[in-house]
Amino acid sequence: MLDTVPGTPALVVSTPGAEPVAEGGYAAALLLDGWAMLGRPDLRAGEEALRRWIAAAALVRPQGERGTVVVVAEPTLRPVQALVRWDPVGHAVRELAERAELGFPRCPGWRPCRGRPRPWPSSSAPWTCPRTPRCWGRCRCPHTAGPPRRPGAPPPGEHWERALVRVPPGSGATLATALKTAQAARMARGSEEPVRVRIDPPDIG
């Protein structure tokens, strides 16, 4: 992978996030597969696509020097419009407002908890939290042999359960402390069954 390329005429092909810097800037950039980046089943798909597009477009010469950026995506979609207007702040403000209305991260605090079924009774004791947490769960998460699993996913052949704990804004730190205390209590009792807790992750899978 190259960090830089010379300013002589050339066609540079790179993956998102690995674009080399061109001496004097690129004359043009073609951003492909916008439909794939925006169509991912991820709450942050739009903001992640816009972030990568802006990073790539910033490597292109200014418009006054005839720099051109072309994105292959539906032009009416919000991230595409934010790129055209070069307005990531406006996009972020609208995203935050909608997530606050729907109760999606990062407005409330989210704590996904995942583990085998047996440790759950001891790990679901009341938490000391100034504002009542809301808990969604529990769903069984089987994992069988197949592609490489994500960090925190159950080993092949095991069945884990998952719960999502959400608190209103301002209570995330208190909930994190309460969950940390609960984990410490489990370890002090000599529990060998793991329960993984994630603090405000970019995804809740």
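Every value quoted in this text rests on a predicted model; they were computed, and no experiment measured them.

Draft legend 1. Layout of the nonpolar core. Counting twelve residues, the largest nonpolar core consists of Leu31, Met37, Leu38, Ala49, Leu50, Trp53, Ile54, Ala56, Val71, Val80, Ala82 and Leu83. Counting only elements with at least two residues in this core, the list comes to helix H1 (34-38), helix H2 (45-57) and helix H3 (78-85). It is H2 that contributes the most residues to this core, five residues altogether. Apart from residues lying up to four places away in sequence, Val80 is in contact with Leu38, Trp53, Val71, Ala73, Glu74 and Pro75.

Draft legend 2. Spotlight on the packing of H2 against H3. Running from N to C, H2 and H3 point in directions that differ by 25 degrees, and their axes come no closer than 9 Å. The angle between H2 and H3 places the two elements in the roughly parallel class. You can see that H2 and H3 cross each other, and the crossing is right-handed. Along the contact surface, H2 presents Gly46, Leu50, Trp53 and Ile54, while H3 presents Pro79, Val80, Ala82 and Leu83. Among the residues making up the contact of H2 with H3, the classes are represented as seven nonpolar, one polar and no charged.

Draft legend 3. Geometry of helix H4 (residues 88-102). Under the 1.5 Å per step criterion, the end-to-end length of H4 is 21 Å for 15 residues, consistent within 8% with the ideal 21 Å. Looking at H4, one finds that the buried residues are Gly90, His91, Glu95 and Arg99. Axial view of H4: buried residues confined to an arc of 165 degrees, hence all on one face. H4 presents Val89, Val93 and Glu101 as exposed residues on the side facing more than 90 degrees away from its buried surface. Just downstream of H4, Gly103 is the residue with a positive phi angle, here 75 degrees.

Draft legend 4. Summary view of the environment of Gln183. Checked against the element boundaries, Gln183 lands in helix H6 (residues 172-188). With twelve residues separating them along the chain, Gln183 and Val195 place their C-alpha atoms 7.9 Å apart. Not counting residues within four places of it along the chain, the set of residues in contact with Gln183 comprises Val195 and Val197.

Parameters and conventions
Residues numbered from 1 in each chain as written. Predicted model: local features only at pLDDT ≥ 70, side-chain atom pairs only at ≥ 80, totals over all residues. Heavy atoms only, no water. Core = buried A, V, L, I, M, F, W, Y, C linked by side-chain atoms within 4.5 Å. Buried < 20%, exposed > 50% of the residue type's maximum accessible area, 1.4 Å probe, protein only. Helix = DSSP H or I, 4+ residues; strand = E, 2+ residues; numbered from the N terminus. Contact = heavy atoms within 4.5 Å. Axes fitted to C-alpha atoms, helices over the stretch in contact; angles between N-to-C directions. Parallel < 35°, antiparallel > 145°, perpendicular 65-115°, else oblique. Left-handed = near helix turned anticlockwise from the far one by under 90°. Nonpolar A, V, L, I, M, F, W, Y, C, P; charged D, E, K, R; others polar. Expected span 1.5 Å × (residues − 1). Arc of directions from axis to C-beta.

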